[in-house]
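Fold and geometry: a report
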Amino acid sequence: MSKVMDAKVLAVYPVAPETYYMELAAPDIARLAVPGQFVHVRCSDAQEPLLRRPLSIHMVSRPQGVLALLFRVVGKGTALLAQRQPGDSVNLMGPLGRGFTLPLPGSKVAVAAGGIGAAPLVFLVQELANLKCQVTVYVGARDKKNLLCDGQFAQLDAEVVIATDDGSLGFKGTVPELMRRHLDWRRTAMCYVCGPRAMMQEVSAMLAEADVPGEVSLEEKMGCGVGACLSCAVQIQHHGEISTKRVCADGPVFPSWQVVWE
Amino acid sequence: MKPNLEVNIGGILMKNPVTTSSGTFGFGQEYSPYVDINKLGAIVVKGTTLEPRPGNATPRMVETPAGILNSIGLQNPGVDYLIDHYAQYFAGLKTRVIVNIAGNTVDDYARLAAKLDGVPGVAGLEVNISCPNVKKGGMAFGSDPAAAAEVTKAVKNATGLPVIVKLSPNVTDITVIARAVADAGADALSLINTLLGMAIDVRRRKPMLGNIMGGLSGPAVKPVAVRAVWQVYQTVKLPIIGMGGIVTAQDALEFILAGASAVAVGTANFINATATLEVLAGIEQYLIEEQITDINELVGAAHR
Ligand SMILES: Cc1cc2nc3c(=O)[nH]c(=O)nc-3n(C[C@H](O)[C@H](O)[C@H](O)COP(=O)(O)OP(=O)(O)OC[C@H]3O[C@@H](n4cnc5c(N)ncnc54)[C@H](O)[C@@H]3O)c2cc1C
Ligand SMILES: Cc1cc2nc3c(=O)[nH]c(=O)nc-3n(C[C@H](O)[C@H](O)[C@H](O)COP(=O)(O)O)c2cc1C
Ligand code: FES
């Protein structure tokens, strides 16, 4: 069951331009969370910014009761969050949403991470490592400086293949382009994707073509985070019927072939 | 001594004056991990229409200073689904459940009222004639006194349930609509619904909401809402459920002093999932401190 709590900041520091890593003492959330879930964070005690901000669970350490977030500063809320100091507390609600479906132990899986979309995938690759899966992670970023989590993926024994838009590291081009060249679809049991919408759409199309099951983690503006306000609507297709689902409560993870992208 | 918190909203007996505003609390279940909803006086559930509705394009919510704009567009699974899937759950709750209804035509409202009449667990209807997010119906009924009266009459004729009419602040004189609805037989009034507004992204040079305009709610609207309750209390004798920007017990007490017999917590739930229970505890605390034995003594006290 999800909780609301004040969690103490243990560490916070920048890891890339405008990108922060934050560690929080949140044993209840760390214990309950599964990869792909998120927390709903109050960035200020004042009435501005008013709403909470959804942030994926980046990593957990269950024995230590620690939860880690990785976030990019894009506006007021994330800017305020980045200013927190160790010892401050942050009000959290979570874990929320439905996470990734884990594959059979030992499966060969592909993971595609675009930009800040790498955040939830580290927790996922942690679990995949526990399941002794053979993991290849395709990590993409604008340039070398903005590349995230490649070292963490490698430490978790995943094969890491890099793409940058400007070619400053690895393949010059996008993650979908890289996957098209590199991936042997016939030997892939499952593919997990988180990144910009266009990238997720493109990878989903490739998956459909190759008939490989996949899951994507979607983003939508949120109000409540618990399924009550219907802000975070997304069109989902199931057995030929399109229905409106809630990213916060029915997702954020959805089967790639069910998402109506247009 | 424990003060009396029981209030009567047009025939709906509530054990205390705290309820939720429609569209901000789902069907109750969404918040039950955080709130013992049986402790609330009532819950008002998401707006229901005859047919299922998919709602508006995204983004459907943006933040504004101390408020939010939403353009959900009455997404809901339709009244038949509500009856089949939720009535049993409602009947098992130890709180009153009020169903908020909306239609495109007067006949829609009457048919909704008829369908919900006698459904176990449904204690009353809140008639939404004030939604700014739908093309047909909604606010169009709420801004014309004759149309508002017609909808009210049709609903009253179709059901034996208590009928609460929810008014729009997007009118020149809310008391005119209140009087028309009262004369047409409403049992109580809810005020206010959201204020029509919009926001523009200066970088993209485009409106922020998928539907361009939306309804403003949250702390930013509270002074407008308190004013509406104050004016309507002076105009008609009906019980009022006050809402609009209630975050704390202090906020709720302002509405009660202005003339509301009950209060609804809306947007605040998103920020603080236990806001309803905190508002309730704070009201009770205030009554004890002020040595008031019955909440009803406080209703409209600022007028005296
Ligand atoms: C399930 C989920 C998980 C996410 N995980 C991460 C993560 O791990 N790391 C990370 O950096 N970002 C993540 N995001 C995006 C993050 O929520 C937004 O960047 C953040 O809310 C922006 O807030 P702000 O106040 O800085 O920006 P502002 O632009 O000032 O925000 C204005 C409003 O828009 C909302 N908003 C803006 N962008 C987004 C967005 N992309 N998704 C949802 N709401 C948005 C905000 O919540 C706020 O209500 C996630 C989004 C979702 C839906
Ligand atoms: C996301 C959202 C959805 C809403 N949906 C409805 C609705 O379906 N029917 C209705 O009568 N009012 C609806 N409202 C209006 C609220 O019930 C309430 O009147 C308004 O938000 C003011 O209260 P608040 O400031 O406490 O939120 C909605 C408001 C929000 C924020
Ligand atoms: S954010 Fe409220 S339903 Fe998803």
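For chain B, the name recorded in an unreviewed UniProt entry is Dihydroorotate dehydrogenase, with Desulfotomaculum nigrificans as its organism. One UniProt comment on chain B, placed under Pathway (unreviewed entry), says "Pyrimidine metabolism; UMP biosynthesis via de novo pathway; orotate from (S)-dihydroorotate (NAD(+) route): step 1/1." Database annotation for chain B, UniProt heading Sequence similarities (unreviewed entry): "Belongs to the dihydroorotate dehydrogenase family. Type 1 subfamily."

Right, let's get into the side chain of B:Arg53. Residue and element names in this part refer to chain B. By secondary structure assignment, the location of Arg53 is in the loop between strand 4 (42–48) and strand 5 (61–64). Despite its burial, Arg53 pairs with no opposite charge, the nearest such side chain being Asp108 at 5.7 Å. Separated by 3.0 Å, the side chains of Arg53 and Asn104 make a polar contact.

The interface is formed by 27 residues belonging to chain B together with 29 residues belonging to chain A. Here chain B meets chain A over a buried area of about 2300 Å², counting both sides, of which 60% is carbon and sulfur. Three residues stand out in chain B for area buried against chain A, namely B:Tyr34, B:Glu63 and B:Ile271, and they jointly supply 29% of the buried area on that side. Inspection of the chain B/chain A interface yields one salt bridge. With a closest N to O distance of 2.8 Å, A:Arg53 and B:Glu63 form a salt bridge. Put simply, chain B and chain A have five residue pairs in polar contact (both at pLDDT 80 or more) between them. Looking at the side of chain B that touches chain A, the elements with two or more residues in it are strand 5, strand 6 (67–70) and helix 8 (268–271) of chain B.

The next subject is a negative patch on the surface. Residue and element names in this part refer to chain A. Judged by side-chain charge, Asp165, Asp166, Glu177 and Glu202 come together as a negatively charged surface patch. Relative to the helices and strands, Glu202 resides in helix 6 (residues 197–210). Since its relative accessible area comes to 33%, Glu202 is described here as partly exposed.

This part covers the sheet that holds strand 5 (residues 59–61) of chain A. Residue and element names in this part refer to chain A. An order of 4-3-7-1-2-6-5 is seen for the seven strands of this open sheet, with the pairing classed as antiparallel. Since the sheet does not close on itself, it has two edges, and those belong to strand 4 (53–56) and strand 5, each with one partner. Strand after strand, the sheet turns through a mean of 35° between neighbouring axes, direction not considered. The pairing of strand 5 with strand 6 (residues 66–72) spans three bridges and is classified as antiparallel. The residue of strand 6 that forms the bridge with Met59 is Ala68. Relative to strand 5, helix 3 (residues 119–130) is tilted by about 45°, and along the sheet it contacts strand 4, strand 5 and strand 6.

For the rest of this paragraph, the subject is the UniProt feature "active site" (unreviewed entry) in chain B. With numbering matched to this structure, UniProt assigns "active site" (unreviewed entry) to B:Cys131. Along the chain, the position of B:Cys131 falls in the loop between strand 8 (124–128) and helix 3 (139–142).

Turning to the sheet that holds strand 14 (residues 213–217) of chain B, a few remarks are in order. Residue and element names in this part refer to chain B. Strand order in the open sheet formed by four strands is 5-6-14-11, with antiparallel pairing between adjacent strands. Two strands close off the open sheet at either side, each with one partner strand: strand 5 and strand 11 (195–198). Averaged over all pairs of adjacent strands, the angle between their axes in this sheet comes to 40°, without regard to strand direction. Here strand 11 pairs with strand 14 via four bridges, running antiparallel. Counterpart to Gly197 in the pairing with strand 14 is Gly214.

Along an α-helix, a turn takes 3.6 residues, which lines up residues three or four apart on a common side. Residues and elements named next belong to chain A. Among the twelve residues that make up helix 3, ten are buried, leaving the element largely enclosed by the rest of the structure. For helix 3, every residue scored as buried is listed here: Ala119, Pro120, Leu121, Val122, Phe123, Leu124, Val125, Gln126, Glu127 and Leu128. In the segment just after helix 3, Lys132 is the residue with positive phi, at about 60°.

Residues and elements named next belong to chain B. Taken N-terminus to C-terminus, the directions of helix 1 (residues 79–92) and helix 2 (residues 106–116) make an angle of 15°; their axes are 10 Å apart at the nearest point. Looking at the two axes, helix 1 sits roughly parallel to helix 2. Every pair of crossing elements has a handedness; the one defined by helix 1 and helix 2 is right-handed. Of the residues in helix 2, those touching helix 1 at Val79, Asp80, Leu82 and Ile83 are Leu112, Lys115 and Leu116. Split by residue class, the contact of helix 1 with helix 2 holds five nonpolar, no polar and two charged.

How each quantity is defined
- Residues numbered from 1 in each chain as written.
- Chains lettered and ligands numbered in written order.
- Predicted model: local features only at pLDDT ≥ 70, side-chain atom pairs only at ≥ 80, totals over all residues.
- Heavy atoms only, no water.
- UniProt positions renumbered as here; feature names shortened; annotations may be inferred.
- Helix = DSSP H or I, 4+ residues; strand = E, 2+ residues; numbered from the N terminus.
- Buried < 20%, exposed > 50% of the residue type's maximum accessible area, 1.4 Å probe, protein only.
- Lys, Arg positive; Asp, Glu negative; His and termini not counted.
- Salt bridge = Lys/Arg side-chain N within 4 Å of Asp/Glu carboxyl O.
- Polar contact = N/O pair within 3.5 Å; in protein donor to acceptor, adjacent residues only side chain to side chain.
- Contact = heavy atoms within 4.5 Å.
- Buried area = accessible area lost by both parts, 1.4 Å probe.
- Patch = residues over 30% accessible without salt bridge, like charges linked within 9 Å, V, L, I, M, F, W, Y side chains within 5 Å.
- Areas by Shrake-Rupley, 256 points an atom, 1.4 Å probe, with all protein chains shown as cover.
- Charge placed at Lys NZ, Arg CZ, Asp CG, Glu CD.
- Pairing = 2+ DSSP bridges.
- Axes fitted to C-alpha atoms, helices over the stretch in contact; angles between N-to-C directions.
- Parallel < 35°, antiparallel > 145°, perpendicular 65-115°, else oblique.
- Left-handed = near helix turned anticlockwise from the far one by under 90°.
- Nonpolar A, V, L, I, M, F, W, Y, C, P; charged D, E, K, R; others polar.

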